[in-house]
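For reference, the chains in residue letters:
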Amino acid sequence: MRGEMLALLPQLRGFARFLTGQAAAADDLVQETVLRALDAIGQFTPGTSMKAWLYTIARNLFYEQARHRRRERDVMSDYALRPDRPESGTPEGEADALRDLNGAIWRLSPRLREALVLVGVQEMTYAEAAAVCGVTVGTIKARVSRARAQIMEYMGDGGPGRGA
């Protein structure tokens, strides 16, 4: 089981990176996820998806940490809310197209971004992603569909390079 967990670490880190938006925070999330998983390894049901189990732990931990941070912000009134990502500069070439896509992904709500990342990037099935998020398969399908539509809208909204 630990070998399977170890093999999933790169994918888990990628998922954590999409949740947190920062490499260092992603590493911290993965580390805490693994510690919690090892502590609760007896709760894992053999024959089920280790990937979905780890992603569920990471997701729940991320939202738990987000709730704590939100409470801290409420107490510390001098902190201002910051956007997930700053606006990027002028686009040039493929690198800029990727930055635009990255910006569009970060404009999605966390739930839509999460569904898109699980299905589109992490290549989970809808059923696995639904298990991670604790929702129905239909809900995941709807979130992925909305996420894709919003990205298309963001990428087409007066973006640079549009037109003939």
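Throughout this description, residue numbers start from 1 for each chain and increase along the sequence as written. Residue-level local features of this predicted model are given only where pLDDT is at least 70; pairs of side-chain atoms are given and counted only at 80 or more, and the full residue set underlies all totals for whole chains, interfaces and linings. Here the side-chain values reflect all heavy atoms present in the structure, with hydrogen atoms and water set aside.

The name recorded for the protein chain in an unreviewed UniProt entry is RNA polymerase sigma factor, from Komagataeibacter rhaeticus. Of the protein chain, the UniProt comment under Sequence similarities (unreviewed entry) reads exactly: "Belongs to the sigma-70 factor family. ECF subfamily." UniProt positions are given in the numbering used here, feature names are shortened, and annotations may be inferred rather than shown by experiment.

A.B. asks: Can you tell me about helix α3 (residues 23-39), naming the residues and giving the values?
C.D. replies: Structurally, the α-helix is built with 3.6 residues per turn, so residues lying three or four positions apart point the same way. If you check α3, its first and last C-alpha atoms are 24 Å apart, about what 17 residues at 1.5 Å a residue would give, namely 24 Å. Accessible area is worked out with a 1.4 Å probe on protein chains only. A residue is then buried under 20% of its type maximum, exposed over 50%, and partly exposed in between. Per the convention used, a helix needs a DSSP run of H or I reaching at least four residues, while a strand needs a run of E reaching at least two, with both numbered from the N terminus. The set of residues buried in α3 consists of A26, L29, V30, T33, V34 and A37. Projection of α3 onto a plane perpendicular to its axis shows the buried side chains occupying an angular sector of 135°, all on one side. What points out from α3, more than 90 degrees from its buried face, is the exposed set A24, D28, Q31 and D39. One less than the number of residues in a helix, times 1.5 Å, gives the span that helix is expected to have. Read the arc as the range of directions from the helix axis to the C-beta atoms.

A.B. asks: Quick one: what's the story with the pattern of salt bridges, residue by residue and with numbers?
C.D. replies: Salt bridge, as used here: a side-chain nitrogen of Lys or Arg that lies within 4 Å of a carboxyl oxygen of Asp or Glu. Tallied over the entire structure, the rule returns 4 salt bridges. Where R13 meets D27, a salt bridge forms, and the shortest distance between an N and an O atom there is 2.4 Å. Note that R13 is positioned in helix α2 (residues 9-20) and D27 in helix α3, a separation of 14 residues in sequence. Between E32 and R36 there is a salt bridge, and its shortest N-O distance comes to 3.4 Å. Of this pair, E32 and R36 both sit in helix α3, 4 residues apart, roughly one helical turn. With relative accessibility at 29%, the residue E32 sits in the partly exposed group. Judged by its relative accessible area of 32%, R36 falls in the partly exposed class. Because the salt bridges share partners, they merge into one network encompassing E32, R36 and E64.

A.B. asks: Tell me about the packing of aromatic side chains, and please be specific about residues and values.
C.D. replies: The rule is short: rings of Phe, Tyr and Trp, with Trp giving its six-membered ring, pair when the centres are within 6.5 Å, and they are stacked under 30 degrees, edge-to-face over 60, tilted in between. Inspection of every chain in the model, using the stated rule, returns 3 aromatic pairs. Relative to W53, the ring of F44 has its centre 5.2 Å away and its plane inclined at 55°; by these criteria the two rings are tilted. Taking relative accessible area as the criterion, W53 reaches 17% and is therefore assigned buried. Here R107 stacks its cationic end above the ring of Y154, 3.9 Å away from the centre of that ring. Above the plane of the ring of Y63 lies R111, whose end atom (NZ or CZ) is 5.7 Å from the centre. Whether a charge lies above a ring is judged from NZ of Lys or CZ of Arg, which has to be within 6 Å of the ring centre and within 35 degrees of the ring normal.

A.B. asks: Pulling in residues and values, what's your account of the nonpolar core?
C.D. replies: Core analysis: the biggest nonpolar cluster contains 42 residues, and W53, L54, L118 and I140 have the highest contact counts within it. Elements with a minimum of two residues in this core: α2, α3, α4 (50-75), α5 (93-107), α6 (110-121), α7 (126-133) and α8 (137-156). The greatest single-element share of this core, amounting to 10 residues, is contributed by α4. Setting aside residues up to four positions removed in sequence, I140 forms contacts with A115, V119, Y126, A129, A130, C133 and V135. We define the nonpolar core as a collection of buried residues of types Ala, Val, Leu, Ile, Met, Phe, Trp, Tyr and Cys that are connected through side-chain atoms lying within 4.5 Å of one another. Residues count as neighbours in contact if any of their non-hydrogen atoms are within 4.5 Å of one another.

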